Amino acid sequence: MSVTDQFDRPLRDLRISVTDRCNFRCPYCMPAAVFGERYQFLPKPQLLTFEEIARLTRIIVRLGAVKIRLTGGEPLLRQDIEDLVAMLGAIDGVGDLAMTTNAYLLPQKLDALKAAGLKRLTISLDTLDDEIFRVMNGGRSGVDKVLAGVCAAEDAGYTPLKINAVVQRGLNDHTLVDLARFFKERGHILRFIEYMDVGNRNGWKMDEVVPSAEIVERIHAAMPLEPVAGNYFGEVARRYRYADGAGEIGLISSVTQPFCGSCTRMRLSPEGEIFTCLFATEGRSLRDPMRAGASDAELEAIIRGTWGARIDRYSEIRSSLTDDVRDRRKKVEMYHIGG
């Protein structure tokens, strides 16, 4: 029943964006100048219901997906998200069920998420410098609120956590060693993400990218590192462990060291479109045929055909595109389909 694409890449990961709303306004994802108070997010009737998400997930799992991650927007803004966690966790074949969150609302949600069966958590935190962090989230939160979420997750047994940090030259790159040291001491896995040209509104410039090789050099100079083999095919982060044996970091290098050749991710948007690449220009609706009465077999045929026709490798060809061509390419926004 498994399916592969035109480059023989299997479908192994499903990232489910449960909402297009977020309580942060990070300029690299959801700049406040665009997503202000009057911005029209998806109305509730257009969102997939939890039952619809579970139905589609069950079909996608039959096609080979074993790792499920809930994203957004900010997934904790979706009311009763723990109910969806329980529904997805009950699906036969789901080997891993995780969530990526900014952690602002995490303390009050953790007990319910844990009881529902959420297995792993990834928390986004770009710097420990409070002033810089506020710049990087549109002034919506201080570092203390995220660290409160980290502490609550630790208390609930979610260790090690994965911590995601987007790195922008001239903004937060000078704080990376402090961030790495802090989470090394707490036993969590910090993952540095190269600043990417996701969506169409973040004003991305190549000279704001700090190559992962440079990040490794900076961390290594303070706390020696050594490379480690990947955990599984399709793992996007290149791993380095600390030479003293106390933990590891990861590098997600979509810009300077693309990993398209081993990408196994499908993304499901809040209104039920599937996307086969983070940089895709269009998706395929499953909600519309589903609400029109399509059977599971008919929905499976759409999913199988979409993945089977997949030829995405944007990160590999990015450098061959002119700035003009790149700028004209209308990519889906990251907040809409998860990072």
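Anyway, here's the lowdown on the structure attached to this text. Source: prediction; values computed, not measured. (Residues numbered from 1 in each chain as written. Predicted model: local features only at pLDDT ≥ 70, side-chain atom pairs only at ≥ 80, totals over all residues. Heavy atoms only, no water.)

### Looking at the sheet that holds strand β3 (residues 96-101)
Thinking step 1. Read across the open sheet, the twelve strands follow the order β7-β8-β9-β6-β5-β4-β3-β2-β1-β10-β11-β12; overall the sheet is mixed. Looking at strand neighbours, the two that pair on one side only are β7 (225-228) and β12 (284-285), the edges of this open sheet.
Thinking step 2. For β7 and strand β8 (residues 238-242), the ladder comprises four bridges, and the chain directions are antiparallel. In the sheet register, Pro227 faces β8, and the bridge partner there is Tyr240.
Thinking step 3. Where helix α1 (residues 50-62) meets the sheet, its contacts fall on β1 (13-17), β2 (67-71) and β10 (265-268), and the angle it forms with β1 comes to roughly 165°.
Thinking step 4. Along the sheet face, helix α2 (residues 81-89) touches β1, β2 and β3 and points at about 170° away from the line of β2. (Pairing = 2+ DSSP bridges. Helix = DSSP H or I, 4+ residues; strand = E, 2+ residues; numbered from the N terminus. Contact = heavy atoms within 4.5 Å. Axes fitted to C-alpha atoms, helices over the stretch in contact; angles between N-to-C directions.)

### A short note on the packing of α1 against α2
Thinking step 1. Put simply, α1 and α2 touch, their axes get as near as 10 Å, and they point 25° apart. Between α1 and α2, the angle falls in the class roughly parallel. Considering only the axes of α1 and α2, their crossing is right-handed. Across the interface between the two elements, Phe50, Glu51, Ile53, Ala54 and Thr57 from α1 touch Ile81, Asp83, Leu84, Met87 and Leu88 from α2. (Parallel < 35°, antiparallel > 145°, perpendicular 65-115°, else oblique. Left-handed = near helix turned anticlockwise from the far one by under 90°.)

### Focus on the nonpolar core
Thinking step 1. Membership of the largest hydrophobic core comes to 99 residues, with the highest contact counts inside it found for Leu88, Phe192 and Ile219.
Thinking step 2. The greatest single-element share of this core, amounting to seven residues, is contributed by α1.
Thinking step 3. Contact partners of Ile219, with chain neighbours within four places excluded, come to Leu176, Val177, Ala180, Phe192, Leu225, Tyr242 and Ile249. (Core = buried A, V, L, I, M, F, W, Y, C linked by side-chain atoms within 4.5 Å. Buried < 20%, exposed > 50% of the residue type's maximum accessible area, 1.4 Å probe, protein only.)

### Some remarks on the environment of Met99
Thinking step 1. Here Met99 shows up in strand β3.
Thinking step 2. Since its relative accessible area comes to 0%, Met99 is described here as buried.
Thinking step 3. Linking Met99 and Pro75, residues 24 residues apart in sequence, is a C-alpha distance of 7.8 Å.
Thinking step 4. Among all residues touching Met99, those that are not within four sequence positions of it are Arg69, Leu70, Pro75, Leu76, Ile81, Leu113, Leu118, Arg120, Leu121 and Thr122.

### Structural notes on the pattern of salt bridges
Thinking step 1. Going through the model one piece at a time under the given rule, you end up with 20 salt bridges.
Thinking step 2. Among the ionic pairs, Glu214 bridges to Arg218, the shortest N-O distance being 2.6 Å. Placement of the pair is Glu214 and Arg218 together in helix α7 (residues 212-222), with a separation of four residues, close to one helical turn.
Thinking step 3. Because the salt bridges share partners, they merge into one network encompassing Asp5, Arg9, Arg310 and Asp312. (Salt bridge = Lys/Arg side-chain N within 4 Å of Asp/Glu carboxyl O.)

### What about the packing of aromatic side chains?
Thinking step 1. According to the stated counting rule, one finds five aromatic pairs in the structure shown.
Thinking step 2. Centre to centre, the rings of Phe24 and Tyr104 are 6.1 Å apart; their planes meet at 85°, and the pair counts as edge-to-face. Of this pair, Phe24 sits in the loop between β1 and α1 while Tyr104 is found in the loop between β3 and α3 (106-116), placing the two residues 80 residues apart along the sequence.
Thinking step 3. On the basis of relative accessible area, Phe24 is assigned to the buried category, the value being 4%.
Thinking step 4. Residue class for Tyr104 comes out partly exposed when judged on its relative accessible area of 27%. (Phe/Tyr/Trp six-rings, centres within 6.5 Å; stacked < 30°, edge-to-face > 60°.)

### Some thoughts on the pairing of strand β9 (residues 248-252)
Thinking step 1. Counting buried residues in β9 gives five out of five residues, a clear majority hidden from the surface.
Thinking step 2. The alternating pattern of β9 places Glu248, Gly250 and Ile252 on one face and Ile249 and Leu251 on the opposite face, and all of these are buried.
Thinking step 3. Of the pairings in the sheet, the one linking β8 to β9 comprises four bridges and is antiparallel in character. Looking at the pairing, Tyr240 lines up with Ile249 of β9.
Thinking step 4. Counting the residues in the hairpin turn of β8 and β9 gives five residues, including Gly245, whose phi is positive at 85°.

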